[in-house]
Amino acid sequence: MTDKPDFRQPEPPTRTGLKDRVRLGYLAIRANPTGRYALRIIIGALGGIVVLAGLVLIPLPGPGWLIVFAGLGIWAIEFAWARNLLVFGKGKLSGWTGWVKRQPLVVRLLIGLAGLLFVAAVLAISLRLTFGPGVFASAWNWLLEH
């Protein structure tokens, strides 16, 4: 039966890419019960670190939400609940951006202003907690002198 053309096995690729090698390595590790548990622990810890870093960065200027979604993507490699949460989050984010795009320019500017005020408030509170209550007076005096 193997000599019939309909039942030929596919030719193995002569050259595999990095993606194929990573996938095959992942499957080889998952084939072993010990490797499966170790992989779950490593992916869980790595995803947790990335998600926590993203959550810390959300109120600060920068890509906080992007980092949170990257951490969920890492978790989604191994955990079904993370895949579902990632799909849910992507849907809500695209719904929000679609809603904002449909709003008139005045509403979009007000949303941007609210975001800017929030970031400025977080930055002011962070500076005051880090450098003490007189940080703004010191900075104003320094600006006047220079």
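Relevant structure appears above.
Since the structure is predicted, the reported quantities are computational estimates derived from the model, not experimental observations.

The rules behind each value
- Residues numbered from 1 in each chain as written.
- Predicted model: local features only at pLDDT ≥ 70, side-chain atom pairs only at ≥ 80, totals over all residues.
- Heavy atoms only, no water.
- Helix = DSSP H or I, 4+ residues; strand = E, 2+ residues; numbered from the N terminus.
- Contact = heavy atoms within 4.5 Å.
- Salt bridge = Lys/Arg side-chain N within 4 Å of Asp/Glu carboxyl O.
- Buried < 20%, exposed > 50% of the residue type's maximum accessible area, 1.4 Å probe, protein only.

Enquirer: Help me understand the environment of phenylalanine 69, please; the structure alone is not making it clear to me.
Expert: The topology assignment puts phenylalanine 69 in helix α3 (residues 64-76). A C-alpha to C-alpha distance of 8.4 Å links phenylalanine 69 and lysine 90, two positions 21 residues apart in sequence. Residues contacting phenylalanine 69, with those up to four places away along its chain left out, are Leu86, Gly89, Lys90 and Leu93.

Enquirer: I keep staring at the pattern of salt bridges and nothing clicks. Help me out?
Expert: Per the counting criterion, the structure on display carries two salt bridges. Note that arginine 30 is salt-bridged to glutamate 78, the shortest N-O span being 2.4 Å. Of this pair, arginine 30 sits in helix α1 (residues 18-31) while glutamate 78 sits in the loop between α3 and α4 (80-102), placing them 48 residues apart in sequence. On the basis of relative accessible area, arginine 30 is assigned to the partly exposed category, the value being 26%. Residue class for glutamate 78 comes out buried when judged on its relative accessible area of 8%. Residue arginine 40 is joined to glutamate 78 by a salt bridge in which the shortest nitrogen-to-oxygen separation is 3.6 Å. Here arginine 40 is found in helix α2 (residues 33-57), whereas its partner glutamate 78 is found in the loop between α3 and α4, with 38 residues between them in sequence. Classification of arginine 40 as partly exposed rests on a relative accessible area of 34%. Through salt bridges that share partners, Arg30, Arg40 and Glu78 make up one connected network.

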